[in-house]
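Results of the structural survey
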Amino acid sequence: MRIDAVTIFPEYFAPLELSLLGKAKERGILTIGVHDLRSFTTDNHHSVDDTPYGGGAGMVMKPEIWGQALDPLMTPQTDLIILTPAGERFNQRMAEKFANSQHLIFACGRYEGIDARVGQYYASQNFRVHEVSIGDFVLGGGEVASLVMIEAITRLLPGVLGNPESLVEESHAQDGFLEYPSYTKPHTWRGIEVPEILLSGNHAAIAAWRSAQSLKRATERL
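These numbers were taken from a predicted model, which means no experiment stands behind them.

Scoring rules and cut-offs
Residues numbered from 1 in each chain as written. Predicted model: local features only at pLDDT ≥ 70, side-chain atom pairs only at ≥ 80, totals over all residues. Heavy atoms only, no water. Helix = DSSP H or I, 4+ residues; strand = E, 2+ residues; numbered from the N terminus. Rg over C-alpha atoms; globule rule 2.2 N^0.38 Å. Buried < 20%, exposed > 50% of the residue type's maximum accessible area, 1.4 Å probe, protein only. Contact = heavy atoms within 4.5 Å. Core = buried A, V, L, I, M, F, W, Y, C linked by side-chain atoms within 4.5 Å. Phe/Tyr/Trp six-rings, centres within 6.5 Å; stacked < 30°, edge-to-face > 60°. Lys NZ or Arg CZ within 6 Å of the ring centre and 35° of its normal. Expected span 1.5 Å × (residues − 1). Polar contact = N/O pair within 3.5 Å; in protein donor to acceptor, adjacent residues only side chain to side chain.

Counting its regular elements, the protein contains 7 helices and 9 strands. The C-alpha atoms of the protein give 22 Å as radius of gyration, which overshoots the globular expectation for 222 residues (17 Å, by more than 25%). In terms of overall dimensions, the protein has C-alpha extents of about 70 × 40 × 35 Å along its principal axes. The buried share among the 222 residues of the protein stands at 40%. The long-range fraction of contacts in the protein, counting pairs at least 24 apart against all pairs at least 6 apart in sequence, stands at 75%.

In structure tokens, the structure reads:
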């Protein structure tokens, strides 16, 4: 998979060199490019925004600069993801869908967002355009949201996780499912003991307990 991120703050994406993602890049599972939007400006101040038509607070990111940045990156295999609080809510099902893509571009808006014509234009050219939000709150920009999505998506790629079986039982792997609580040594920590069923060696009973705990968590957190 190839991932490109377009942003005015390329430094935000330094964590992509760490941990599982860094190793996935080293093994050739992922190719990641980070592009500075300001490098596509032509004025002395490297301005990427302007006042909104119709008035209102804040500034809007200019479409011509985004067009210059995105045009060289777009391919028939591209899914263009525009991060916006007004977008469709990101969830595990969406992560699974994007994990099947060959190429993802994350357009990281700032200020009052990206001029709406950017998404409209690429959709009119038969590109797959997705406006996405990671929750009902507002961030300073799309960079943090992009990192959240990239981690959720790429961990689903074959070869990224050391033990792919861990994907099967984790939270949200199935609709309405939350992962059961996990424990390790020591048996007692600060007066709290590991549930005895986990020490029994009875795998059927342990599986039943874990299933019940998963259901309990899901019910409590509805």
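Here we take up the nonpolar core. Ranked by size, the top nonpolar core spans 29 residues in total, and within it Phe106, Met149 and Ile153 carry the most contacts. Elements with a minimum of two residues in this core: strand 1 (2-7), helix 1 (19-26), strand 5 (78-89), helix 3 (92-98), strand 6 (103-107) and helix 5 (142-154). Top contributing element to this core by residue count: helix 5, with 6 residues. Leaving out residues up to four positions away in the same chain, Phe106 has contacts with Ile3, Asp4, Ala5, Val6, Ile81, Leu83, Ser146, Met149, Ile150 and Ile153. If you look at the next biggest cluster of nonpolar residues, it comprises 18 residues, including Trp66, Leu70, Ala107 and Ile114.

Let us look at the packing of aromatic side chains. Tallied over the full model, the rule gives 3 aromatic pairs. Consider the rings of Tyr122 and Phe127, whose centres lie 6.0 Å apart with planes at 65°: the pair is edge-to-face. The class for Phe127 is partly exposed, based on a relative accessible area of 23%. Cluster of aromatic residues (ring-pair linked, three or more members): Tyr121, Tyr122 and Phe127. Looking at Lys97, its charged tip hangs above the ring of Phe98, at a distance of 5.2 Å from the centre.

Taking 1.5 Å per residue, 13 residues should reach 18 Å; helix 5 reaches 18 Å between its end C-alpha atoms and fits that length. Along helix 5, 10 of the 13 residues are buried, which leaves the element largely enclosed by surrounding structure. If you check which residues of helix 5 are buried, you get Gly142, Glu143, Ala145, Ser146, Leu147, Met149, Ile150, Ala152, Ile153 and Thr154. Contacts from the buried residues of helix 5 go to strand 1, helix 1, strand 5, helix 3, strand 6 and strand 7 (128-133).

Here the focus is the side chain of Thr41. Inspection of the secondary structure puts Thr41 in the loop between strand 2 (31-36) and strand 3 (49-50). Classification of Thr41 as buried rests on a relative accessible area of 12%. A polar contact of 2.6 Å, which involves the side chain of Thr41, links it to the backbone oxygen of Arg38. A polar side-chain atom of Thr41 sits 2.9 Å from a polar atom in the side chain of His46. With sequence-adjacent residues up to four places away left out, Thr41 is seen in contact with His46, Ser47, Val48 and Ile65.

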